[in-house]
Every structure is written in structure tokens, then in C-alpha cells.
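One letter stands for each residue in the lines below.
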Amino acid sequence: MVISARSKHPWGPFENSPYNPIIRTESRDERWCSRGHGTLVDTSDGDWWMVYHAYEKNYYTLGRQTLLEPIEWTEDGWFRVPSGVSPDKPIRKPKGSAAVPGRPKSETSDGLGLQWSFFKEHDKDRYAVTGEIIELQASERVSPLVYMPEDHHYEVQVEVTIQEGSQGRLLLFYNTTYFSGMGISADGLYGILRGWHTPCIPYSGSTVHLRLCSADHEVIYYYSHDGGEWTKFPHSFEASGFHHNALGGFLALRIGLDALGQGKATFRNFQYRSL
């Protein structure tokens, strides 16, 4: 929740707001859960807003999302959310020109875009980017380059090429012990179900096109030699339980490009799109 208190001195005593809690989830029927961690923002026009985060009901795997609500000041100097405002319903947008929502959906320029991050540490020595090509140095431990999905239903596609001794993988990644996906090694193609590897399917060549489709938490993988004709991978899985069953609690289920073993794996033409 968000609460407010005020004092004439930094060390108190503090007086709690009569409007507390300013923001909180009150019912399981609401769309947004665990609403809290608010920050006040004022605009150049003198308007006030609160930025905070919450989980979307039934979509905890998208992580804590950012929400915005208007704030009004009372005559006696307290702030509150105006009557009738709810994050479940549309509100009038702030003044000014509209921004383009979302982030880049593919890698199209030199350098690693802001849509990408590493899990925990950002190792600049592990990757090189040229246009739509991401080259990732293999590691002996699970350490993927991750991308946060924004949609309830989405599709990801990427071309993967491995060097001798390396494995290239397209994952849905929660943490280093809890992830699922599909990979290619010298032995062929294999699936990963919450960390468990399926037996390999024979596959000729060191390059494969991989596709991930996620709709209402049902995740299906496909593979292709040329990106034209696709074959469904035998193993699919349901992903809604990742957030509730995995240790950690506050993470999100992210798309991961992973290189395991020795050498390098190259990822070309990564594409993300909403379904």
C-alpha cells in the first residue's frame, strides 16, 4: 500500500494522513494486486501524479508493472486520489504530447538496446552486437541475456548458430534454477522443462530457427531449418506457476538468450511481437 505522514521536523513527531491508505488493493476482484511503492511527481503545469507498481491479476509472470494515478491536494494540505479514480478504468492522460508506448521489438542498430539486460550482473565482455546479430560468449553456468515481455500473448523468433562445444538456447527464464525452453547442441535439439532436459532429437547442422509462442501461459516451441517450414517441438508447458512456485517471489518470467559450454553462440534477427 501507499501511506502518508507529515511533520514540521525531519525527526518527528509525525501525523498520519486521515486518507491512509492512499493506495492499496482491497479486493481479489480487482485487476491490480499488491499496489504500492508510490512516488509523487509534479508536472510543469502544476498537476500532481503518483507513479507506483502492482501485479496484474492472473499475470504475475509479467512482473510488477508501472501504474499512474492523478493526485489532488486537500485544503488542509494532505494528498489523496480523487474520488471515482480506479486503475481498473481508463483515466484522462496527463497534458502534453503522447509518447510512443513500449520498447524496441528487435535489435536493429549497433550496441545492445535498453530492452535487454543480464540476470544480476551486466557482463560487457560476454557479448558483441552488430546490427541484428548478437554474439554471446558461452558460460559454464546459466547466465542468459534477458528481454521482458509486455503482453499477455506474444511470439518470439530467433536464428541460432553454435560453435563447437557450445549450446544455444531460447528460454523463458525465472531464475538460475527455474527456467524452461529449447536448445541446440552437437547432439541435436532438446527441451528444458523447469530445469530438466529432455532427450535430444537428432538435428543436422549448427544453425536452427527457434520460435516461442505464449498465449494465456501456454507455451509452445517450434523449430525450422530455414525459417520457412516449422515443426512443433514435442514438449509444451504451462507457465503461470513460475512466479508462485519458484523461490525468490518478486521476479518475472523473461525471455532469455543463453549460450552454455565453451565457444560462442550467435543469435540473428531476434523478433518479438504481440499476438
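Reading the values: rules and limits
- Residues numbered from 1 in each chain as written.
- Predicted model: local features only at pLDDT ≥ 70, side-chain atom pairs only at ≥ 80, totals over all residues.
- Heavy atoms only, no water.
- Helix = DSSP H or I, 4+ residues; strand = E, 2+ residues; numbered from the N terminus.
- Contact = heavy atoms within 4.5 Å.
- Areas by Shrake-Rupley, 256 points an atom, 1.4 Å probe, with all protein chains shown as cover.
- Lys, Arg positive; Asp, Glu negative; His and termini not counted.
- Charge placed at Lys NZ, Arg CZ, Asp CG, Glu CD.
- Core = buried A, V, L, I, M, F, W, Y, C linked by side-chain atoms within 4.5 Å.
- Buried < 20%, exposed > 50% of the residue type's maximum accessible area, 1.4 Å probe, protein only.
- Pairing = 2+ DSSP bridges.
- 1 Å grid on protein atoms, 1.4 Å probe; cavity = no way out; pocket = protein on both sides within 12 Å on 5 of 7 lines; lining within 4 Å.
- Points joined across faces, edges and corners; volume = space filled by probe spheres on them.
- Polar contact = N/O pair within 3.5 Å; in protein donor to acceptor, adjacent residues only side chain to side chain.

**Section: the overall build of the chain**
Secondary structure summary: the chain contains 1 helix and 21 strands in total. Oriented by its inertia axes, the alpha-carbon framework of the chain measures out at about 75 × 40 × 35 Å. Put simply, 56% of the contacts in the chain that link residues at least 6 apart link residues at least 24 apart. Carbon together with sulfur atoms contributes 50% to the accessible area of the chain, which is approximately 15000 Å² in total. In the chain, which carries 27 positive and 33 negative side-chain charges, the distance between the mean positions of the two groups comes to 4 Å.

**Things to note about the nonpolar core**
Grouped together as the largest cluster of nonpolar side chains are 40 residues, with contacts concentrated most on L170, L172, Y221, I255 and F270. With 5 residues, the top contributor of residues to this core is strand β11 (residues 153–162). Contacts of L170, omitting those with residues within four sequence positions, involve V156, V158, S180, G181, M182, L210, R211, L212, Y221, I255, G256 and L257. I22, W32, F79 and V81 belong to the second-largest nonpolar core, a separate cluster that totals 11 residues.

**Overview of the sheet that holds strand β6 (residues 79–80)**
Judged by pairing direction, the sheet is antiparallel, and its 4 strands sit side by side in the order β3-β4-β5-β6 without closing on themselves. Each end of this open sheet is capped by a strand with a single partner; those strands are β3 (32–42) and β6.

**Side note on empty space enclosed by the protein**
Applying the stated criterion across every chain yields a total of 1 cavity of 30 Å³ or more. By volume, the largest cavity is sized at about 110 Å³. Looking at the largest cavity, the residues that line it are Y59, T61, L62, P149, D151, H152, Y154, L172, S214, H217, A239 and L253.

**Some words on the pairing of strand β20 (residues 254–261)**
The element β20 is largely enclosed, with a buried count of 8 among its 8 residues. Of the pairings in the sheet, the one linking strand β12 (residues 166–175) to β20 comprises 8 bridges and is antiparallel in character. Bridge pairing links G168 to A259 in β20.

**Overview of the side chain of D258**
Within the fold, D258 resides in strand β20. By relative accessible area, D258 is classed as buried at 0%. One polar contact links the side chain of D258 to the main-chain amide nitrogen of S143, over a distance of 3.5 Å. A polar side-chain atom of D258 sits 2.8 Å from a polar atom in the side chain of R169.

**Notes on unusual backbone geometry**
If a residue is not glycine, its phi is most likely negative; likewise, a peptide bond is most likely trans. In this structure, the amide linkage connecting G12 to the following residue, P13, adopts the cis form with an omega of 5 degrees. Its place among the elements puts P13 in the loop between β1 (5–6) and β2 (15–16). Of note, H37 is a non-glycine position whose phi angle comes to about 60 degrees, a positive value. Mapped onto the elements of the fold, H37 is located in strand β3. Phi at D216 is positive, roughly 50 degrees, even though this residue is not glycine.

**Some points on the pairing of β11**
The element β11 is largely enclosed, with a buried count of 9 among its 10 residues. Pairing analysis gives 8 bridges linking β11 to strand β21 (residues 264–274), with the strands arranged antiparallel. By the bridge assignment for β21, Q157 is matched with Q271.

Remember that the coordinates give geometry; whether it matters functionally is a separate question.
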